[in-house]
Amino acid sequence: LNEVNKVYKKENPSAYIKLTKKNILNLKKSREKLLLNLKFPKKMFINSNLLDLGSGSGIYSLIYNLFGSNCTLVEYEKSFVSNSKKLFKKFSKNKFSIINSDIFKFKKFKKYDIVIFNGVGHHTHDPNKALNIACRYVQRGGFIIYGIGNKSGFFQRAIQRLILFNISKNDMDIVKYSKLFFKQHLNRASKFGGRSINQIIYDTYVNSKIDNHSIKDILQIFNKNK
C-alpha cells in the first residue's frame, strides 16, 4: 500500500484536468456518454446512495454527485482527501461524506445503491479480497461499477513491464526507457484517456503492484456474493 501510494503522490492518475466549471462540465458529458454506452443512464444515479472505494482525487465521484447521487468517498491518501473536500464544497449539488481510510479497514454497517470500485483493486495486496469487500456493500438490486485492467487485455502491458524492469535500475530509467520504446502507445493513451504521459508511465510502469483479474475471477466473486 505504501509503495503504491508513493507512486500516486508523485503522479496522481485521477487528477488530470484543471478544476474549472467548464472542464467539469466537459468531464460530466464524457462520463455520461461512457455510462450510456454501458447501458447505465445517468438517471439511475438520481437520489441514489453511492460508495466510491479508492476515490483518488474525487473528480469522478463529484460527477456522480452532480448526476444526483449522495456520495460516500473512501480514500487512503490524506492529501487526496483534503483536496476532495475542497472540490466537493465548491461544486457538489447533493450530500457527500469523505472518509480517510484504507479500503481493507473501512467498516460501515450500510449498503449502497451503487458501489464504484474503479482502477483500484488490481493495485492492492489482495485483489480478490478487495472485490469481495466492494461487493459486500452493494444492496440487493443495486449495482457495482468495477473498473480494472483485464488479465488478458493487459498481456501486452505486462510484457512491457517485464522489459522495463529488466533493463532499468530505478524509476527514472523506467520513465526514460518507456518514452523511448513505447512512444506510440503512450501518445495514443494520452490522446484518448486525457492523462499526461508521465501519469500513464507512473500508473502503468513505475507502479510496483498490478495484479489484474480475469473475467472468470470476477464472475466467481460476483456469484459468491449473489
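A brief look at the structure comes next. (Residues numbered from 1 in each chain as written. Predicted model: local features only at pLDDT ≥ 70, side-chain atom pairs only at ≥ 80, totals over all residues. Heavy atoms only, no water.)

To continue, consider the pairing of strand 3 (residues 96-100). As defined by bridge partners, strand 2 (residues 70-75) adjoins strand 3 across five bridges and the pair is classed as parallel. Note on strand 3: the bridge partner recorded for Glu 75 is Asn 100. With respect to chirality, the unit in which strand 2 leads through helix 4 (residues 78-91) into the neighbouring parallel strand 3 is right-handed. (Pairing = 2+ DSSP bridges. Helix = DSSP H or I, 4+ residues; strand = E, 2+ residues; numbered from the N terminus. Right-handed = clockwise from strand over helix to strand, strands pointing away.)

Moving on, we get to the environment of Leu 25. With respect to the helices and strands, the residue Leu 25 is situated in helix 2 (residues 21-37). Looking at Leu 25, the relative accessible area reads 43%, which means it is partly exposed. Along the chain, Leu 25 and Ser 79 lie 54 residues apart, while their C-alpha atoms are 24 Å from each other. (Buried < 20%, exposed > 50% of the residue type's maximum accessible area, 1.4 Å probe, protein only.)

Together, Phe 155, Ile 159, Ile 163, Ile 167, Leu 180 and Phe 181 make up an exposed nonpolar region whose accessible area comes to about 590 Å². Going through the elements one at a time, helix 6 (155-167) and helix 7 (171-181) are the ones with two or more residues in the nonpolar patch. The biggest single contributor to the nonpolar patch is helix 6, with four residues. Residue placement: Ile 163 occurs in helix 6. (Patch = residues over 30% accessible without salt bridge, like charges linked within 9 Å, V, L, I, M, F, W, Y side chains within 5 Å. Areas by Shrake-Rupley, 256 points an atom, 1.4 Å probe, with all protein chains shown as cover. Salt bridge = Lys/Arg side-chain N within 4 Å of Asp/Glu carboxyl O.)

The next thing to look at is the nonpolar core. Across soluble globular proteins, nonpolar side chains have a tendency to be buried as a group. Ranked by internal contacts, the top residues of the largest apolar core, which has 22 residues, are Ile 24, Leu 35, Phe 45, Leu 50, Ile 59, Leu 62 and Tyr 64. When contributions to this core are tallied by element, the ones reaching two or more residues are helix 2, helix 3 (59-67), strand 2, helix 4 and strand 4 (112-118). In terms of residues, this core owes the most to one element, helix 3, which gives six residues. In contact with Leu 50, other than residues within four places in its own chain, are Phe 45, Tyr 64, Ser 69, Asn 70, Cys 71, Thr 72, Tyr 112, Ile 114 and Ile 116. (Core = buried A, V, L, I, M, F, W, Y, C linked by side-chain atoms within 4.5 Å. Contact = heavy atoms within 4.5 Å.)

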